[in-house]
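For reference, the chains in residue letters:
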Amino acid sequence: MHRRRDLGGIVFVDLRDRDGIVQVAIGPGWAPAAVVTRAQGLGAESVVVVEGAVVARPPAMQNAELATGAVEVQATALTVVGAAETPPIPVARGKGEELPAEELRLRYRHLDLRRPELQANLMLRHRLLQRARRALSDLDFLEIETPILTKPTPEGARDYLVPSRVHPGEFYALPQSPQIYKQLLMVAGFDRYFQLARCFRDEDLRFDRQPEFTQIDIEAAFVGQEDVLGYVEAVLAALWSEAGHRLAAPFPRMSWRDAMERYGTDKPDLRFDFTIGDWTSHVRPLGVPFFQNALQNGARVRGIAVPGGSALSRKDVDQLAETAKAAGAPGLAWIKRQGEQVSGSVGKHFTVDAAGTLGVRDGDAALMTVGVDRVTSPALDRVRQEVIRRLAPAPKMAHALCWVVDFPLFQPDPETGRPVFSHHPFTAPHPDDVAKLDRDPFACRALHYDAVYNGHELGSGSIRITDPAVQRRIFAHLGLAPADIDERFGFLIGALAAGAPPHGGFAIGFDRVVMLLSGAGSLRDVIAFPKTTAARALFEGAPGPARAEDLAVLHVKVES
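Worth saying up front: this structure is predicted, and the values here are computed from it rather than measured.

Conventions adopted
Residues numbered from 1 in each chain as written. Predicted model: local features only at pLDDT ≥ 70, side-chain atom pairs only at ≥ 80, totals over all residues. Heavy atoms only, no water. 1 Å grid on protein atoms, 1.4 Å probe; cavity = no way out; pocket = protein on both sides within 12 Å on 5 of 7 lines; lining within 4 Å. Points joined across faces, edges and corners; volume = space filled by probe spheres on them. Nonpolar A, V, L, I, M, F, W, Y, C, P; charged D, E, K, R; others polar. Helix = DSSP H or I, 4+ residues; strand = E, 2+ residues; numbered from the N terminus. Buried < 20%, exposed > 50% of the residue type's maximum accessible area, 1.4 Å probe, protein only. Polar contact = N/O pair within 3.5 Å; in protein donor to acceptor, adjacent residues only side chain to side chain. Salt bridge = Lys/Arg side-chain N within 4 Å of Asp/Glu carboxyl O. Pairing = 2+ DSSP bridges. Contact = heavy atoms within 4.5 Å.

**Some points on empty space enclosed by the protein**
Scanning all chains against the criterion turns up one cavity of 30 Å³ or more. The calculated volume of the largest cavity comes to roughly 60 Å³. As for the largest cavity, its lining consists of Leu106, Arg109, Phe529, Pro530, Thr532, Arg536, Ala537, Leu538, Phe539 and Glu540. Partitioning the lining of the largest cavity into residue classes produces six nonpolar, one polar and three charged.

**Brief notes about the side chain of Ser522**
Looking at where Ser522 falls in the secondary structure, it is placed in the loop between α15 (510–518) and α16 (548–553). On the basis of relative accessible area, Ser522 is assigned to the buried category, the value being 7%. At a separation of 3.0 Å, a polar atom in the side chain of Ser522 contacts the main-chain amide nitrogen of Arg524.

**Some points on the pattern of salt bridges**
For the structure on display, the rule yields 45 salt bridges. Ionic pairing is found between Arg109 and Asp112, a salt bridge with its closest N-O pair at 3.0 Å. Placement of both Arg109 and Asp112 in helix α3 (residues 109–112) is noted, with a separation of three residues, approximately one turn of the helix. Asp112 shares its class with Arg109; the two are buried.

**A closer look at the sheet that holds strand β20 (residues 448–453)**
If you walk across this open sheet you meet the eight strands as β6-β9-β10-β22-β21-β20-β17-β11, and the pairing is mixed. Across the chains shown, the open sheet's two edge strands, defined by having one partner strand only, are β6 (142–143) and β11 (253–255). Looking at chain direction, strand β17 (residues 401–405) and β20 are connected through five bridges and run antiparallel. Following the sheet pairing, Leu401 is matched in β20 by Tyr453.

**What to know about the pairing of strand β10 (residues 212–221)**
Burial runs high along β10: nine of the ten residues are buried. As defined by bridge partners, β10 adjoins strand β22 (residues 503–509) across seven bridges and the pair is classed as antiparallel. Note that in β22 the partner of Gln215 across the bridge is Gly509.

**Focus: the environment of Val50**
Among the secondary structure elements, Val50 is positioned in strand β4 (residues 47–56). Along the backbone, Val50 and Ala75 are 25 residues apart, and their C-alpha atoms lie at a distance of 6.4 Å. Dropping the residues within four chain positions of it, Val50 is found in contact with Leu15, Val24, Val73, Ala75, Ala77 and Leu78.

Take a look at the structure:
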């Protein structure tokens, strides 16, 4: 029972199920008095069964906002099959009425899930799951399940460990991905695999991450990078079509280096034209102290020309400067051009012509900072995103997808400077860079690729290493001794030595896709029973302490 209204002896009840809402009228002209009395006492959210006749509403009484607004049910019988106590959170809301706090809604998730918005999200999720299965089956992929209880592997996050009862002191790990198993399936000759895989990562959470999540996982043998990109484009186009949108394939390609140079991120939002420029040569002759004192040790002056940026207030610019500082930059210098006047924090150093060399036209602004790329790239990425939010320029397209390719194989550990893998250690080095593995590992490119949509990473993939000797070299670069390699990855090395076809794959973050296509503000709005940002399940109260006798059976002792 969604809502009840008593009007002149007739009770109107809005009944709700997963298909929507229908109005039920219970009146003395057609319903027994006991039924009318029962309807008058009906509590919110009670579960009822109604019998009656579907009739047309009078034209003046029709509700164009409801799919069933032209009809109503004149009930002759009403049975309460599940009486409800007063709900701790409301399900029916008036226009403009705010939702209860999310923590409260998660605590009463069974009621929160009754909201039509969440039910629509989960029904879309179902349709997208089935469409993904059909699309991959049509491409001759086989759906094969891989183990949940497995062995720890390096995937970039901490594992969830599961103690073994029958093997004291030994542990399984929940899979961060099915990575090794799907490679083994290629060695085994299945050629094309997919799975709607449940994955687990013990990492700090954000609005678009959960400790357990679903990915559309694929792998194919006898393929190169372009083959895999084509498969993924077909799947994404099918998913977007299911949600009522059309994607044009192939998606444009962009190297990782180009993405970082022009957008400061490997997840560029291509809906908006303005990009980051290298302005070092333009501003060096101007003698701006903010820049001159910092142009050393590989530092550059980089910035963004913002069309219509003169509309930014001084308060806006000050807040953008704080955004840059929070991302590690020393600050933000800025100019505005209005007619033949140039103003701003460094405006006195710029003529109209000098501003023009930065791409600043009448009514535009320029925002710039100085430093090495690892500082200026994330800072200007954040500034660019914030400018888009504040100015709300019209996007040149609604759906901007691209591939980011040629990622670095290694990146330096921030503390030790040693090579660590940019993604995972099963990614093949670019064939042109294999000779650099030992003498210059940071110069090696990877056969890795990311799909990016409107500034969001949809997923990642790569061509895999199939040569056991190269795989051992990669592990050695990560600091693993030969004995460690054999102990942790001997089963994979042995499988590759049995003869491995060239293969590669991809993983699409399915929860994120549903979030973006539904317009939800959080992953928690597209998952039936999500965790909080503290990795807690408030509805069922997990995690919680285990009983001493259960720990004893698992040979585990908890130390305070």
